[in-house]
Amino acid sequence: MNAEGKTGRSRVSRRQFGKSAMVAWLGTLAGETTVAAESVRGNDSSDPAQWRGDFPVLTQSVNGYPLAYLDSAATTHRPRQVLASMNSFYENDNANPGGTLHLLARRAYQKYEDARRVVAKFVNADDSDEIVWVRGTTEGINLVASAWARPLLRKGDEVLLTVAEHASNLLPWRLVAERCGAVVRCVRVDDEGRVSLDDLDQKLSKRTRLFAFSHVSNVTGYIAPAKELCARAHAAGARVLIDAAQSAPHIRLDVQNLDCDFLVFSSHKMCGPMGTGVVWAHRELLDSMSPYQAGSNMAHEVEFTSQEFEHGARKFGAGTPNVAGAIGLSAAIQYMESQNRSAIEAHEAQLTRHALKRLAAIPGLRVLGPKDSAGRIPVFSFVLEKHSPQEILGYLDERGIAVRAGDLAALSLLKRFGVTAAVRASCYLYTQISEIDRLGDALSELSRSQPRSRNESD
Ligand SMILES: Cc1ncc(COP(=O)(O)O)c(C=O)c1O
């Protein structure tokens with residue numbers, strides 16, 4: 001098997017077969033032949049106020065004001081249904097998972113594997129063996145860089161990114177390229193942050209081994225034409241990685257329709273727990289890759305000088321897994337899917353239109369990225385004349401409004417917009433129009449005031 005070689009579809013080892021037969025037998029003994037994923041339901045409502053009621057953290061006050069949490073692109077909150085599912089695991093089932101061990105270990109194993117199936121369905125994967133658990137998008141991209149790119153890249157090969165990438169979809173490629181003598185190249189974006197298709201076509205070449213891009217920008221909220229980008233990269237013979245950190249929370253993902261090679265996302269940006277994420281890749285591609293980390297659970301017949309690595313996603317699951325994290329992500333997916341998705345999309349579109357209108361009316365405020373409400377998610381980065389992003393953050397925080405400020409881990413894109421720092425307000429299903437109004441009112445007020453000295457705003 002070489003780094004990129006096809007190994008053929010699954011090669012089921014004697015041991016794997018033995019394992020599943022044993023699980024079935026033990027399961028029968030325990031009356032648990034099929035363990036369906038516990039269903040987590042939202043309130044099946046179309047009413048944003050009802051969704052909000054599921055998020056206990058949002059009921060608090062900050063500095064005497066009701067919390068207006070506008071930092072969901074950094075991390076979302078978790079509904080009580082997700083918290084309950086994780087709690088229930090620890091209260092009832094906690095054990096180091098093992099399909100052929102004692103009852104609790106089997107239950108932990110089942111729940112972990114059920115969660116993998118829920119994620120597989122969520123991205124429309126062929127098989128749950130294509131779902132690799134990682135700590136988040138950052139670790140997922142590092143996994144692909146180490147396990148796929150590093151053995152494959154040769155001197156002069158190219159990895160193509162866009163100028164809009166998050167640091168987590170830039171640094172892993174820079175490091176791996178340096179080690180292999182490969183080159184990282186960058187596709188331009190237009191004045192509003194949209195990927196230049198002409199520049200992409202120009203930069204794709206026989207040397208391009210991978211094109212990696214963010215599906216949705218964490219700065220502008222712009223949704224890239226991912227299917228089109230994948231098709232163009234494939235036509236040039238390159239593999240494609242989609243950084244779906246900001247799209248998985250808002251957009252229905254279908255890896256088969258997108259026709260990408262790798263798709264990576266984080267649980268904590270979509271109502272799930274921190275410390276869990278996913279890499280999806282076709283089974284054949286996973287089989288062709290080197291292990292990322294080594295240890296228990298990713299190999300069998302381990303002796304001092306030999307071992308048999310597991311296949312598919314399991315090759316990348318070294319050590320005791322984060323079972324509660326997987327259960328939490330699965331619960332978050334089920335929570336979102338049990339809501340009225342069209343109503344959520346309509347609510348987010350309304351938030352976008354309203355926010356763009358309010359922000360456009362503030363003197364001296366410039367929104368970075370598309371001014372159009374179509375083709376984007378409710379994420380808005382902006383700068384305000386005479387007021388530094390840090391000062392704005394402090395001013396809003398004093399009024400109970402939580403936003404993010406700084407380089408947003410996308411300095412190259414900010415520089416493309418002519419700034420080195422910005423403020424970002426970002427929404428999710430629980431965001432209310434009234435919170436956008438509070439943001440708009442506070443920014444209008446600030447725009448009319450003199451900038452505070454550094455000491456005052458510190
Ligand atoms: C577009 C994008 N990619 C990658 C990441 C990294 O995600 P994580 O910190 O969950 O690994 C983020 C986080 O903000 C992001 O917005």
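Data block above holds the structure.
What comes next concerns the included structure. None of the values given here were measured: they were computed from a predicted structure.

## Quick notes on the packing of aromatic side chains
For any pair of aromatic rings, geometry is given as the distance between the ring centres together with the angle between the planes. Per the stated rule, a full pass over the model turns up 8 aromatic pairs. Taking 5.9 Å as the distance between ring centres and 65° as the angle between the ring planes, the aromatic pair formed by Phe122 and Phe265 counts as edge-to-face. Of this pair, Phe122 sits in helix α4 (residues 103-122) while Phe265 sits in strand β9 (residues 262-266), placing them 143 residues apart in sequence. Of the two residues, Phe122 and Phe265, both sit in the buried class. Clustering of aromatic rings is evident, with ring pairs tying together Phe55, Tyr335, Tyr428 and Tyr430. When the ring centre of Tyr395 is taken as origin, the NZ or CZ atom of Arg399, which lies over that ring, is 3.6 Å away.

## Some thoughts on the sheet that holds strand β16 (residues 404-406)
Taken together, the 4 strands give an open sheet; going across it, the order is β13-β14-β17-β16, and neighbouring strands pair in antiparallel fashion. Two strands bound the open sheet, and with one partner strand each, they are β13 (365-368) and β16. Taken over all neighbouring pairs, the strand axes of this sheet differ in orientation by 30° on average, direction set aside. The strands touched by helix α12 (residues 341-360) within the sheet are β13 and β14 (379-384), with β14 carrying the most contacts at an inclination of about 5°. Sitting on the sheet, helix α15 (residues 433-447) is in contact with β13, β14 and β17 (422-426), with an inclination near 10° to β14.

## A word on the site of the ligand
If you check the shell around the ligand, you find Gly136, Thr137, Thr138, His166, Ser168, Asn218, Asp243, Ala245, Gln246, Ser266, His268 and Lys269 and nothing else. Within the side chain of Gln246, an N or O atom sits 2.8 Å from an oxygen atom of the ligand. Taken by itself the ligand offers 390 Å² of open surface, and the protein chains cover 86% of this.

## Overview of the pattern of salt bridges
All chains considered together, the criterion is met by 28 salt bridges. A salt bridge links Arg107 to Asp93; its shortest N-O distance comes to 2.8 Å. With Arg107 in helix α4 and Asp93 in helix α3 (residues 80-93), the pair connects residues that are 14 residues apart, well separated along the chain. Take Asp93: its relative accessible area is 5%, and that puts it in the buried class. With a shortest N-O distance of 3.8 Å, Glu139 and Arg135 are connected by a salt bridge.

## Considerations on the environment of Pro48
Looking at the secondary structure, you find Pro48 in helix α2 (residues 48-52). For the pair formed by Pro48 and Ile344, sequence separation is 296 residues and the distance between their alpha carbons is 7.8 Å.

## Here's the deal with the sheet that holds strand β8 (residues 239-243)
Paired through their backbone hydrogen bonds, the strands of a sheet run either parallel or antiparallel. An order of β4-β10-β9-β8-β7-β5-β6 is seen for the 7 strands of this open sheet, with the pairing classed as mixed. Each edge of the sheet is formed by a strand with only one pairing partner; in this case those strands are β4 (131-134) and β6 (183-187). The mean inter-strand angle of the sheet, taken between neighbouring strand axes irrespective of direction, is 20°. The pairing of strand β5 (residues 158-162) with β6 spans 5 bridges and is parallel. Within β6, the residue paired with Thr162 across the bridge is Val187.

## Things to note about the pairing of β14
For β14, a buried count of 6 out of 6 residues is recorded, marking the element as mostly surrounded by other parts of the structure. In β14, alternate side chains face the same way, and those of Val379, Ser381 and Val383 on one face and Phe380, Phe382 and Leu384 on the other are all buried. Relative to β14, β13 runs antiparallel, the two sharing 4 bridges. From the neighbouring strand, Arg366 faces β14, where its bridge partner is Val383. When β14 meets β17, the two strands line up antiparallel, connected through 4 bridges. Within β17, the residue paired with Ser381 across the bridge is Arg424.

Conventions we followed
- Residues numbered from 1 in each chain as written.
- Predicted model: local features only at pLDDT ≥ 70, side-chain atom pairs only at ≥ 80, totals over all residues.
- Heavy atoms only, no water.
- Phe/Tyr/Trp six-rings, centres within 6.5 Å; stacked < 30°, edge-to-face > 60°.
- Helix = DSSP H or I, 4+ residues; strand = E, 2+ residues; numbered from the N terminus.
- Buried < 20%, exposed > 50% of the residue type's maximum accessible area, 1.4 Å probe, protein only.
- Lys NZ or Arg CZ within 6 Å of the ring centre and 35° of its normal.
- Pairing = 2+ DSSP bridges.
- Axes fitted to C-alpha atoms, helices over the stretch in contact; angles between N-to-C directions.
- Contact = heavy atoms within 4.5 Å.
- Near = heavy atom within 4 Å.
- Polar contact = N/O pair within 3.5 Å; in protein donor to acceptor, adjacent residues only side chain to side chain.
- Areas by Shrake-Rupley, 256 points an atom, 1.4 Å probe, with all protein chains shown as cover.
- Salt bridge = Lys/Arg side-chain N within 4 Å of Asp/Glu carboxyl O.

Purely geometric stuff here, so don't read any function into it on its own.
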